[in-house]
Amino acid sequence: MIPLSWYLILSGILFSLGVFGFLLKRNIITIFMSIELMLNAVNLSFVAFANYWNTHPGTLPSGAGVLPLSGHIFVFFVMVVAAAEAAVGLAIIISVFRTRETLNVDRVNLLKL
Amino acid sequence: MFIHQFLFVVFGLICVAGAINLLVQRHPINSALSLVVVMASLALIYLLLGAEFVAAIQLIVYAGAIMVLFVFVIMLLNAGAEERSRGSQIALFIGVPGVVVLATTVAWLMGQSANRLGDVSISPSDFGETHAIARLLFRDFLLPFEITSVLILIAIMGAVVLGKKESQ
């Protein structure tokens, strides 16, 4: 029996650390990894709420056809989108590196070179 | 029941330590490996929530496929230690305090409403099993599933076009 709030606090901590990485890191690959960390934090709260709604069906919003298992389906879709995003984003990073020879975001300040 | 709380605390601390290590390390390969640690311990936390399928695809897709892609790119670009540069002053002086305020607000609200929210536990039913998810995914969420497969196809083509060398 773990309180739901513990999961949500862990999710909040991971999300905040991801935002810190996004704001403070200067390497474009590390910034991209911080985005993945934020997606993972959101996934954790999706799964925690799915389990919570399964064990407490009375707290479901009335009228909405919400299935408790939809949380898992949403995590699945988030992972699919994250995979697509990683493929395209890393290809963009490679093409940026080819033209600029740097991974520092402060030196990538023009859309076209 | 106590073992669940113990496991949650252990893997939650590993998660947070890995995420902090991601921020502290200056070399991208160290950050990538600590992100793998975060994802693997998150998969164990998903198991504590009874989400077997999600835990499996967390390990296979995230810790396996996506992070291998990251490590490939880091090695391909021969990325060295991060350069120190000043960066954005707005991000430093508005973004960071904003995130601190957001995190403390979330933690405070959750601490306040902990008793009203209640507990989660592993249910004895087939909740989170693969066949239940598959029934939902291929029946109720069939159209979104097909749309994501088109999205993946577009992403593959985009990655090939972007990664292709410019023709002379």
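Residues numbered from 1 in each chain as written. Chains lettered and ligands numbered in written order. Predicted model: local features only at pLDDT ≥ 70, side-chain atom pairs only at ≥ 80, totals over all residues. Heavy atoms only, no water.

Asks: Looking at this structure, how should I read empty space enclosed by the protein?
Replies: Leftover empty space is mapped by rolling, across the atoms, a probe with the size of a water molecule. Following the criterion strictly, the structure yields one cavity of 30 Å³ or more and no others. What lines the largest cavity is simply A:Met1, A:Ile2, A:Tyr7, B:His4, B:Leu48, B:Val120, B:Ser121 and B:Ile122. Tallied by class, the residues present in the lining of the largest cavity amount to six nonpolar, two polar and no charged. (1 Å grid on protein atoms, 1.4 Å probe; cavity = no way out; pocket = protein on both sides within 12 Å on 5 of 7 lines; lining within 4 Å. Points joined across faces, edges and corners; volume = space filled by probe spheres on them. Nonpolar A, V, L, I, M, F, W, Y, C, P; charged D, E, K, R; others polar.)

Asks: Would you take a moment to explain helix α1 (residues 4-24) of chain A for this structure?
Replies: Note: α-helices contain 3.6 residues per turn, so residues at a spacing of three or four share the same orientation. Compared with the 30 Å implied by 1.5 Å per residue over 21 residues, the 30 Å span of α1(A) between its first and last C-alpha is a close match. When you tally the buried positions in α1(A), you get 15 out of 21 residues, the bulk of the element. (Helix = DSSP H or I, 4+ residues; strand = E, 2+ residues; numbered from the N terminus. Expected span 1.5 Å × (residues − 1). Buried < 20%, exposed > 50% of the residue type's maximum accessible area, 1.4 Å probe, protein only.)

Asks: I keep staring at the environment of B:Ile90 and nothing clicks. Help me out?
Replies: All names here are of chain B. For Ile90, the position within the fold is in helix α4 (residues 89-112). Relative accessible area serves as the criterion here: at 61%, Ile90 is assigned to the exposed category. Along the sequence, Ile90 and Thr105 sit 15 residues apart, while their C-alpha atoms lie 22 Å from each other.

Asks: Quick question: what am I supposed to make of the layout of surface pockets here?
Replies: Computed from the structure, the largest pocket encloses a volume of approximately 380 Å³. Taken together, 15 residues make up the lining of the largest pocket; nearest its centre are A:Ser95, A:Val96, A:Thr99, B:Leu162 and B:Glu166. Among the secondary structure elements, those contributing two or more residues to the lining of the largest pocket are α3 (70-100) of chain A together with α7 (142-163) of chain B. Here the lining of the largest pocket takes five residues from α3(A), the largest share from any one element. A:Phe20, A:Gly21, A:Leu24, A:Lys25, A:Arg26, B:Leu23, B:Arg26, B:Glu82, B:Glu83, B:Arg84, B:Ser85 and B:Arg86 together form the lining of the second largest pocket.

Asks: I tried to follow a nonpolar patch on the surface on my own but got confused; where do I start?
Replies: Residues and elements named next belong to chain B. Side chains of Phe2, Ile3, Phe6, Val10, Ile14 and Val37 sit close together on the surface and give an oily, nonpolar patch of about 560 Å² of accessible area. Ranked by the residues each element gives to the nonpolar patch, the list is headed by helix α1 (residues 2-24), at five residues. One can find Phe6 in helix α1. Residue Phe6 is classed as partly exposed on the basis of its relative accessible area of 47%. (Patch = residues over 30% accessible without salt bridge, like charges linked within 9 Å, V, L, I, M, F, W, Y side chains within 5 Å. Areas by Shrake-Rupley, 256 points an atom, 1.4 Å probe, with all protein chains shown as cover. Salt bridge = Lys/Arg side-chain N within 4 Å of Asp/Glu carboxyl O.)

Asks: Help me understand the domain arrangement of chain B in this model?
Replies: A common measure of how large an interface is: the accessible area buried when the components associate. For chain B, the assigned domains are domain 1 (1-80) and domain 2 (129-168). The C-alpha centroid of domain 2 of chain B is placed 23 Å from the C-alpha centroid of domain 1 of chain B. (Domains from an automatic or database assignment.)

Asks: Looking at this model, I keep getting lost on the interface of chain B and chain A. Mind explaining?
Replies: Tallying the contact residues gives 85 residues for chain B and 72 residues for chain A. Carbon and sulfur atoms supply 77% of the area that chain B and chain A bury against each other, a total of about 7,100 Å² over both sides. Of all residues in chain B, B:Phe70, B:Val120 and B:Phe127 give up the largest surface area on contact with chain A, accounting jointly for 10% of the area buried on that side. Where chain B meets chain A, there are zero salt bridges. The interface formed by chain B and chain A includes seven residue pairs in polar contact (both at pLDDT 80 or more). Secondary-structure elements contributing two or more residues to the side of chain B that touches chain A are α1, α2 (28-48), α3 (52-77), α4, α5 (114-117), β1 (119-120), α6 (130-139) and α7 of chain B. No other element matches the 13 residues that α3(B) contributes to the side of chain B that touches chain A. (Contact = heavy atoms within 4.5 Å. Buried area = accessible area lost by both parts, 1.4 Å probe. Polar contact = N/O pair within 3.5 Å; in protein donor to acceptor, adjacent residues only side chain to side chain.)

Asks: Explain the nonpolar core here, please?
Replies: A general trend in soluble globular proteins is that nonpolar side chains are found buried together. Core analysis: the biggest nonpolar cluster contains 71 residues, and A:Tyr7, A:Ile29 and B:Phe70 have the highest contact counts within it. Broken down by secondary-structure element, the contributors of at least two residues to this core are α1, α2 (28-55) and α3 of chain A together with α1, α2, α3 and α6 of chain B. Among the elements that make up this core, the one with the highest residue count is α3(B) (13 residues). Counting only domains with at least three residues in this core, you end up with domain 1 (1-80) and domain 2 (129-168) of chain B. Those residues within four positions of A:Tyr7 in sequence are excluded, and the remaining contacts are A:Ile2, A:Leu44, A:Ala48, B:Phe8, B:Ile45, B:Leu48, B:Leu49 and B:Val120. One finds A:Val19, A:Phe20, B:Ala91 and B:Val99 within the second-largest nonpolar core, a separate group that totals seven residues. (Core = buried A, V, L, I, M, F, W, Y, C linked by side-chain atoms within 4.5 Å.)

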